[in-house]
Amino acid sequence: MYQYDSIDAAMVQERADQFRGQVARRFEGRVTEEEFRPLRLMNGLYLQLHAYMLRVAVPYGTLNADQMRTQAHIARQYDKGYAHFTTRQNIQYNWPDLDHTPDILDDLAKVEMHAIQTSGNCIRNITTDPYAGATGEEIEDPRIASELMRQWSTFHPEFSYLPRKFKIAITGAENDRAAIKFHDIGIEIVRGGPDNEIGYRIYAGGGQGRTPVIAKVMSEWVAREDLISFLEAILRVYNQHGRRDNLYKARIKITVNEMGVDNFRAAVLNEFELIQGGMFTVDQREWDRIAAYFTPPAFEDLNDAQEQAALEEDMAKDVFFARWVRANTVQHGTDGYSIAVISLKPIGGIPGDATADQMDVVADLSEKYSLSDVRVTHEQNLVLPHVRKRDLKAVYDVLADNALNTPNLGQVTDIICCPGLDYCNLANARSIPVSQMVSERFADLEKAHDIGELKIKISGCINACGHHHVGHIGILGVDKKGVEYYQITLGGDASEKAAIGERLGPAFGYDEVTDAIETIVTTYLDQRTSRDEQFNACVKRVGLTPFKEALYGTR
Amino acid sequence: MVLVKEGTILTEDPWIFVDDETPIPADGPVIISLTRLRDELPNRPAGELGVQLQPADDATAITQDELEAVSLVAVTFPAYKDGRGYSQARNLRERLGYQGEIRAVGDVLFDQLAYMQRVGFSAFEVRKAADAEDFAKAVNEFSNAYQPTPDGKPTAIKTRHSK
């Protein structure tokens, strides 16, 4: 993975020093809370219901063992012994004290990490496929462009006071595991241009929140050397034309809609034409320098058939291990290796949370079995991307000792959930307890396996941080006259098949919503043609009517 | 409000703002709105002129004639959160090649000074005296920059590959 040079290291340390100065001026009263707010936000420090919340950046979801250990240390030293992994591949701490945060940033800087621009009206963390560099599906490792974009966007002097936050995602594979079509800018690595070279298809104007929108194509193919120039063009048009009068209409998806896609695109292309070939042209030497950090690691030369046979022998001896391998491992691009997903969704647990001890365990596992590489997914799980098949049993045994072995990747209990009313001052309803109830209702692992892929996503308010719009089943918590209700949508999809969930009908109360989810799942099991027809495909085929009838009765 | 130019605090500022209704003093130097500049341009006054841009003004639509008529462009930040002024300054420097004074006016605070300078601002009406006194500190907190900017500050990429 990328390693800082002295310039990167200075940048992050100077930022930590700058923040220390800002905190001091805040305590001295030289800066009001209102003036301090954007400064602390640009270092990821929110003021929440109970305490400050610090959001640490995990650039393109990639960590090494030492960085993961430092997160365990921060959780212990400055927080209540746990951390939360987010839907943008970042890490959140819910309980730091303001006057400790400069120390936390210093500790992060020591391991080449930071909390830069994880909040505020600026360009946020670039997110990507958690299997980057491990999957055989990608045409280029998206983390190279991600690192290039990370540096371009860090302390960008022109684009740090945008109308609103700005989120960029990139995928290197056609199977989109980064939800690019639901981002302000989404990038797909594709071949094209006159010489069928690797370049970038660029989308803009996607988003969720109060008004979910699928992003529109700005260019089918941009050459690598023009990538940053094209992004500059989009940002400049947005900075100048995005709404400043209404916070809820300030995202780029609204700008694209209000200007009209064609007008917006024309403005971008016009600006791009003026910038192209200029100072933002990607220097190939810099590209090569970054790319060198992402060349494939020194994999062993293994015989996949032999490795697979050995693995199946291990599986035959342990039904729990077998179940976990079937559910939580993904095919690797290199013979004899496997991508192993560590579920942070134990039955009845808080989705996406890990204790300091668990983080240390994951760090050790990654160091011993995964070339010191670990990833965060936007579905709030962790990944060991490079595990030899023969090591999976040893990995599993350690996971099992630490409550990290739930075999539910992509299944009904692998729920994405925002912090909700328990933590967040934007929330209207509790979300975590709902995910716990649903998880417990489907605790039967065999049954869950039989249900198959089913992505439930829960948000505690219309800001949609739980990404409910793109859940196969989406649950949105609302407040009606002080009482919590839950609206349910079906058929959302965050992948390249991008779809926004459709509302089923009247909302359900807190005590009814779990039964409603079970009714929906039962209806699916009744309606599906076979085990092979997965939930979303079934919904697409039969429509919402059978589900509405099951939930609300025939009218 | 304290004026900082070329890194030093100026206790005297010859420029005055004049709104669209007030007659332009004959001897200047006086700052007027963009609309007024366009109106006055054919019969422009004799004294030194400056123009004040509001965030919604399209800096790319300013003509060379209009720029040649002024020796100062004031860019307005009604609230520090309104970042349109940064793009306006860049357009003036890079697109239009303007080399005169670009002055940040309005809600100009310590923590925005570094970015403002990088995108081409050369003068700052800083809201708080204490911030103005710390100007040098504000613009020197970072030894490197990732992005190319009109201020000519060497970028990380240039430094890395200058062999």
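Residues numbered from 1 in each chain as written. Chains lettered and ligands numbered in written order. Predicted model: local features only at pLDDT ≥ 70, side-chain atom pairs only at ≥ 80, totals over all residues. Heavy atoms only, no water.

Asks: Would you mind going over the overall build of chain A with me for this structure?
Replies: Summing up its helical and strand segments, chain A has 18 helices and 21 strands in all. Here the C-alpha atoms of chain A give a radius of gyration of 23 Å, agreeing with the 24 Å that 2.2 N^0.38 yields for 555 residues. Over its C-alpha atoms, taken along the principal directions, chain A stretches across nearly 60 × 60 × 55 Å. Restricting to contacts in chain A with at least 6 residues of sequence separation, those with at least 24 account for 68%. Roughly 20,300 Å² of accessible area belongs to chain A as shown, and the carbon and sulfur atoms make up 47% of that amount. Each charge class in chain A was averaged separately, 60 positive and 80 negative side chains, and the resulting centres sit 6 Å apart. (Helix = DSSP H or I, 4+ residues; strand = E, 2+ residues; numbered from the N terminus. Rg over C-alpha atoms; globule rule 2.2 N^0.38 Å. Contact = heavy atoms within 4.5 Å. Areas by Shrake-Rupley, 256 points an atom, 1.4 Å probe, with all protein chains shown as cover. Lys, Arg positive; Asp, Glu negative; His and termini not counted. Charge placed at Lys NZ, Arg CZ, Asp CG, Glu CD.)

Asks: Please clarify how the overall build of chain B should be interpreted in this entry.
Replies: Along chain B, the regular secondary structure elements total 7 helices and 8 strands. The C-alpha extent of chain B, read off along each of the three principal axes, is 55 × 35 × 25 Å. Each of the 163 residues in chain B was classed as buried or not, and the buried ones make up 54%. Look at the contacts in chain B between residues 6 or more apart in sequence, and 49% of them connect residues 24 or more apart. Approximately 7,200 Å² of chain B is accessible, and the part contributed by carbon and sulfur atoms is 51%. (Buried < 20%, exposed > 50% of the residue type's maximum accessible area, 1.4 Å probe, protein only.)

Asks: Help me understand the interface of chain A and chain B, please; the structure alone is not making it clear to me.
Replies: A common way to express how large an interface is: the accessible area buried when the components associate. Listed per partner, the contact involves 45 residues of chain A and 37 residues of chain B. When the area that chain A buries against chain B is broken down by residue, the three leading residues are Arg30(A), Pro157(A) and Tyr161(A), summing to 19%. For the pair chain A and chain B, the interface holds 12 salt bridges. Seen at the junction of chain A and chain B, the total is 29 residue pairs in polar contact (both at pLDDT 80 or more). Of all the secondary-structure elements, those providing two or more residues to the side of chain A that touches chain B are helix H1 (6-28), helix H2 (33-41), helix H5 (142-153), helix H6 (227-241), helix H8 (261-275) and helix H9 (284-291) of chain A. Each residue belonging to the side of chain A that touches chain B can be placed in one class, and the counts come to 17 nonpolar, 9 polar and 19 charged. (Buried area = accessible area lost by both parts, 1.4 Å probe. Salt bridge = Lys/Arg side-chain N within 4 Å of Asp/Glu carboxyl O. Polar contact = N/O pair within 3.5 Å; in protein donor to acceptor, adjacent residues only side chain to side chain. Nonpolar A, V, L, I, M, F, W, Y, C, P; charged D, E, K, R; others polar.)

Asks: What am I meant to see in the state of the cysteines here?
Replies: Simply put, disulfide is the name for a covalent bond between the sulfur atoms of two cysteines. All names here are of chain A. Taken as a whole, this structure holds 0 disulfides over all chains when the rule is applied. Lacking any disulfide linkage, Cys418 is separated from the closest cysteine sulfur, that of Cys417, by 5.3 Å. With a relative accessible area of 8%, Cys418 lands in the buried category. Of the cysteine sulfurs around Cys461, a residue in no disulfide, the closest is that of Cys465, at 6.1 Å. (Disulfide = S-S within 2.5 Å.)

Asks: Quick question: what am I supposed to make of the sheet that holds strand E6 (residues 127-128) of chain A here?
Replies: Residue and element names in this part refer to chain A. With mixed pairing, 5 strands are arranged side by side in an open sheet as E6-E7-E8-E9-E10. Each edge of the open sheet is held by one strand with a lone partner, namely E6 and strand E10 (216-223). As defined by bridge partners, E6 adjoins strand E7 (residues 168-171) across 2 bridges and the pair is classed as parallel. Residue pairing across strands places Thr127 opposite Ala169, the latter belonging to E7. Against the sheet, H5 touches E6, E7, strand E8 (185-192) and strand E9 (197-204), its axis set at about 160 degrees to E7. (Pairing = 2+ DSSP bridges. Axes fitted to C-alpha atoms, helices over the stretch in contact; angles between N-to-C directions.)

Asks: Help me understand unusual backbone geometry in this model?
Replies: A negative phi holds for most residues other than glycine; trans holds for most peptide bonds. Residue and element names in this part refer to chain A. The phi dihedral of Tyr60 is positive, around 45 degrees, even though this residue is not glycine. As for its placement among the helices and strands, Tyr60 is situated in the loop between strand E2 (52-56) and strand E3 (62-64). With a relative accessible area of 6%, Tyr60 lands in the buried category. Phi is positive for Ala403, which is not a glycine, with a value near 55 degrees.

Asks: What is the right way to read the pattern of salt bridges from this model?
Replies: Between side chains of opposite charge, a pair can form when the charged atoms approach closely. Residues and elements named next belong to chain A. Counted according to the given criterion, the structure contains 66 salt bridges over all chains. When the shortest N-O distance is used, the salt bridge between Arg150 and Glu147 registers 2.8 Å. Linking Arg150 with Glu147, this pair stays in helix H5, spanning 3 residues, or about one helical turn. Of the two residues examined, Arg150 and Glu147, each falls in the buried class. The salt bridge involving Arg441 is made with Asp515; its shortest N-O contact spans 2.8 Å. Taken together, the residues Arg441 in helix H14 (residues 432-441) and Asp515 in helix H16 (residues 513-527) connect sequence positions 74 residues apart. With relative accessibility at 42%, the residue Asp515 sits in the partly exposed group.

Asks: I tried to follow H5(A) on my own but got confused; where do I start?
Replies: Helical periodicity: at 3.6 residues per turn, an α-helix aligns residues three or four positions apart in one direction. Residue and element names in this part refer to chain A. Between its first and last C-alpha atoms H5 spans 16 Å; for 12 residues at 1.5 Å apiece the expected length is 16 Å, and the two agree. Counting buried positions along H5 yields 12 of 12 residues, so the element is predominantly enclosed. Buried residues of H5: Pro142, Arg143, Ile144, Ala145, Ser146, Glu147, Leu148, Met149, Arg150, Gln151, Trp152 and Ser153, and no others. Immediately beyond the C-terminal end of H5, within one or two residues, lies Phe155, with a positive phi of roughly 60 degrees. (Expected span 1.5 Å × (residues − 1).)

Asks: Explanation requested: the sheet that holds E2(A) in the structure shown.
Replies: Whenever strands of a sheet pair, they do so through backbone hydrogen bonds, lying parallel or antiparallel. Residue and element names in this part refer to chain A. Spatially, the 5 strands line up as an open sheet ordered E1-E2-E5-E4-E13, and their pairing is antiparallel. The sheet is open, and its two edges are formed by strand E1 (45-47) and strand E13 (353-355), each paired on a single side. Direction aside, the axes of adjacent strands within the sheet are offset by 30 degrees on average. Relative to strand E5 (residues 91-93), strand E4 (residues 82-85) is paired through 2 bridges, and the arrangement is antiparallel. Its bridge partner lying in E5, His84 is registered against Gln92. Relative to the sheet, H2 contacts E1 and E2, its axis offset from that of E1 by approximately 135 degrees.

Asks: How do you make sense of the packing of aromatic side chains when you look at a structure like this?
Replies: The geometry of an aromatic ring pair is captured by the separation of the ring centres together with the interplanar angle, meaning the angle of the planes. Under the criterion given, the structure shown has 21 aromatic pairs over all chains. Taking 5.0 Å as the distance between ring centres and 50 degrees as the angle between the ring planes, the aromatic pair formed by Phe124(B) and Phe135(B) counts as tilted. A residue pair is termed long-range when its members are at least 10 positions apart, and Phe124(B) in strand E8 (residues 123-126) and Phe135(B) in helix H6 (residues 135-139) qualify at 11 residues. Exposure class is identical for Phe124(B) and Phe135(B). Each is buried. Through successive ring pairs, a cluster of aromatic residues spans Tyr161(A), Phe77(B), Tyr86(B), Phe121(B), Phe124(B) and Phe135(B). Note that Lys80(A) overlies the ring of Trp95(A), its terminal NZ or CZ placed 3.8 Å from the centroid. (Phe/Tyr/Trp six-rings, centres within 6.5 Å; stacked < 30°, edge-to-face > 60°. Lys NZ or Arg CZ within 6 Å of the ring centre and 35° of its normal.)

Asks: Which parts of the structure should I look at to understand helix H13 (residues 392-401) of chain A?
Replies: Residue and element names in this part refer to chain A. For H13, the full list of buried residues reads Leu392, Val395, Tyr396 and Leu399. End-on view of H13: buried residues confined to an arc of 100 degrees, all on one side of the axis. For H13, the secondary structure elements touched by its buried residues are helix H10 (304-317), helix H11 (319-328), strand E11 (329-331), strand E12 (337-342), helix H12 (356-369) and strand E15 (382-388). A positive backbone phi angle near 55 degrees is found at Ala403, which sits one or two residues after H13. (Arc of directions from axis to C-beta.)

Asks: Is there a simple way to think about the confidence of the model for chain B in this case?
Replies: Parts of the prediction with low pLDDT should not have their coordinates interpreted in detail. Overall, the prediction assigns chain B a mean pLDDT of 92, with 99% of residues at 70 or greater. Overall fold confidence for the complex sits at a pTM of 0.96, while the interface term, ipTM, reaches 0.96. (pLDDT = per-residue confidence, 0-100.)

Asks: Before we go on, may I ask you to explain the packing of helix H7 (residues 252-259) of chain A against H8(A) in this structure?
Replies: Helix-helix packing: each pair is described by the crossing angle between the helix axes and the interaxial distance. Residues and elements named next belong to chain A. Interhelical geometry of H7 versus H8 gives an angle of 110 degrees and a closest axis separation of 5 Å. Taken together, the axes of H7 and H8 lie roughly perpendicular to each other. When H7 is examined against H8, the residues Ile252, Thr255, Val256 and Met259 are found in contact with a partner set consisting of Val261, Asn263, Phe264 and Ala267. (Parallel < 35°, antiparallel > 145°, perpendicular 65-115°, else oblique.)

Asks: Sorry if this is basic, but what is going on with the nonpolar core here?
Replies: A general trend in soluble globular proteins is that nonpolar side chains are found buried together. Core analysis: the biggest nonpolar cluster contains 96 residues, and Met149(A), Phe166(A), Ile234(A), Leu92(B) and Phe121(B) have the highest contact counts within it. Here the element with the most residues in this core is H6(A); it accounts for 9 residues. What Ile234(A) contacts, discounting residues up to four positions off in sequence, is Phe166(A), Ile185(A), Ile202(A), Ala204(A), Met218(A), Ile252(A), Phe264(A) and Val268(A). Counting residues in each nonpolar core, the second largest holds 55 residues, with Val23(A), Tyr93(A), Leu105(A) and Ala322(A) among its members. (Core = buried A, V, L, I, M, F, W, Y, C linked by side-chain atoms within 4.5 Å.)

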